[in-house]
Amino acid sequence: MLHTRNAVLPDVEHIHAIIRSYSGNGTLLPRPMAELRENVRDFVVAEVDGQIVGCGALHLYGMHLAEIRSIAVTPDAKGLGAGRKLVEALMREAERHGVTCVCLFTRVPEFFAHMGFGLAKRDDLPDKIYKDCVHCPAFNACDEIAMYRGEIPKDSGVRDLQIPKPLVKLTV
Ligand SMILES: CC(C)(COP(=O)(O)OP(=O)(O)OC[C@H]1O[C@@H](n2cnc3c(N)ncnc32)[C@H](O)[C@@H]1OP(=O)(O)O)[C@@H](O)C(=O)NCCC(=O)NCCS
């Protein structure tokens, strides 16, 4: 039976192994074990019969923006609905926090378009640029596609104090 749950520290080795299996070819950014331990509360895992088959994380920038990161499903469990369940769990988590926009950066835009995400302009998401992109060797040659669901932030947390906006329903 497929289900998702919040990750806990004993899951970190599994999460690390899944992400590592997709980071060699650049599909996912590598995440060191120490970073995963520190950020384990961002993660949900998908399980089938008690076996972890996928993971995904929601990084919070503020009520104006959160980012889905590190979504991956093991090759043998692809196509069973785990990817969708992970996205839905992370969107519920964003809504629980009152987040009005969820973004992500991906090389598989077709999957996320299927999950209700639309194309975004990188410049609309400066929090991400300040946090990650400026440190990335591919900054000027990035082939990841920016996507979002909700309301593009009008004013970013990195520019100004955040004025909370009315809540937008993010789940479908
Ligand atoms: C992308 C990924 C997470 C999808 O996970 P999955 O468990 O196979 O997806 P699901 O079974 O939940 O599929 C849900 C729906 O999306 C569709 N879908 C799945 N992968 C798709 C793709 N690559 N392109 C378009 N649609 C896709 C399915 O057909 C399904 O549609 P339906 O609900 O209408 O039947 C998985 O293929 C993966 O781990 N890929 C490698 C890592 C990666 O690229 N992660 C994204 C980095 S940002």
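Everything that follows concerns the structure shown earlier in this document.
A few points on the structure. These figures come from a predicted structure and were not determined experimentally.

**Observations regarding the overall build of the protein**
Then, number 1: Looking only at helices and strands, one finds five helices and seven strands in the protein.
Then, number 2: Ordering the α and β elements of the protein from the N terminus gives β-α-α-β-β-β-α-β-α-β-α-β.
Then, number 3: In terms of overall size, the protein behaves like a compact globule, its C-alpha atoms giving a radius of gyration of 15 Å where 172 residues would be expected to give roughly 16 Å.
Then, number 4: Here the protein holds 172 residues, and the buried ones make up 33% of them.
Then, number 5: Of the contacts made within the protein by residues no fewer than 6 positions apart, 70% connect residues no fewer than 24 positions apart.

**Describing the site of the ligand**
Then, number 1: Around the ligand sit 19 residues, and of these K78, G83, R84, T106 and E110 come closest.
Then, number 2: Those elements that place two or more of their residues in the shell around the ligand are β4 (65-73), α3 (82-96), β5 (101-106) and α4 (109-114).
Then, number 3: Within the shell around the ligand, the residues separate by chemical class into ten nonpolar, six polar and three charged.

**Quick notes on the sheet that holds strand β6 (residues 118-119)**
Then, number 1: Strand order in this open sheet of seven strands is β1-β2-β3-β4-β5-β7-β6, and the pairing throughout is mixed. Of all the strands in the sheet, just β1 (2-6) and β6 have a single pairing partner and so form its edges.
Then, number 2: As paired elements, β4 and β5 share two bridges and run parallel to each other. Within β5, the residue paired with A66 across the bridge is V102.

What counts, and where the lines are drawn
Residues numbered from 1 in each chain as written. Predicted model: local features only at pLDDT ≥ 70, side-chain atom pairs only at ≥ 80, totals over all residues. Helix = DSSP H or I, 4+ residues; strand = E, 2+ residues; numbered from the N terminus. Rg over C-alpha atoms; globule rule 2.2 N^0.38 Å. Buried ≥ 20, exposed ≤ 12 C-beta atoms within 10 Å, placed from the backbone. Contact = placed C-beta atoms within 7 Å. Near = placed C-beta within 6 Å. Nonpolar A, V, L, I, M, F, W, Y, C, P; charged D, E, K, R; others polar. Pairing = 2+ DSSP bridges.

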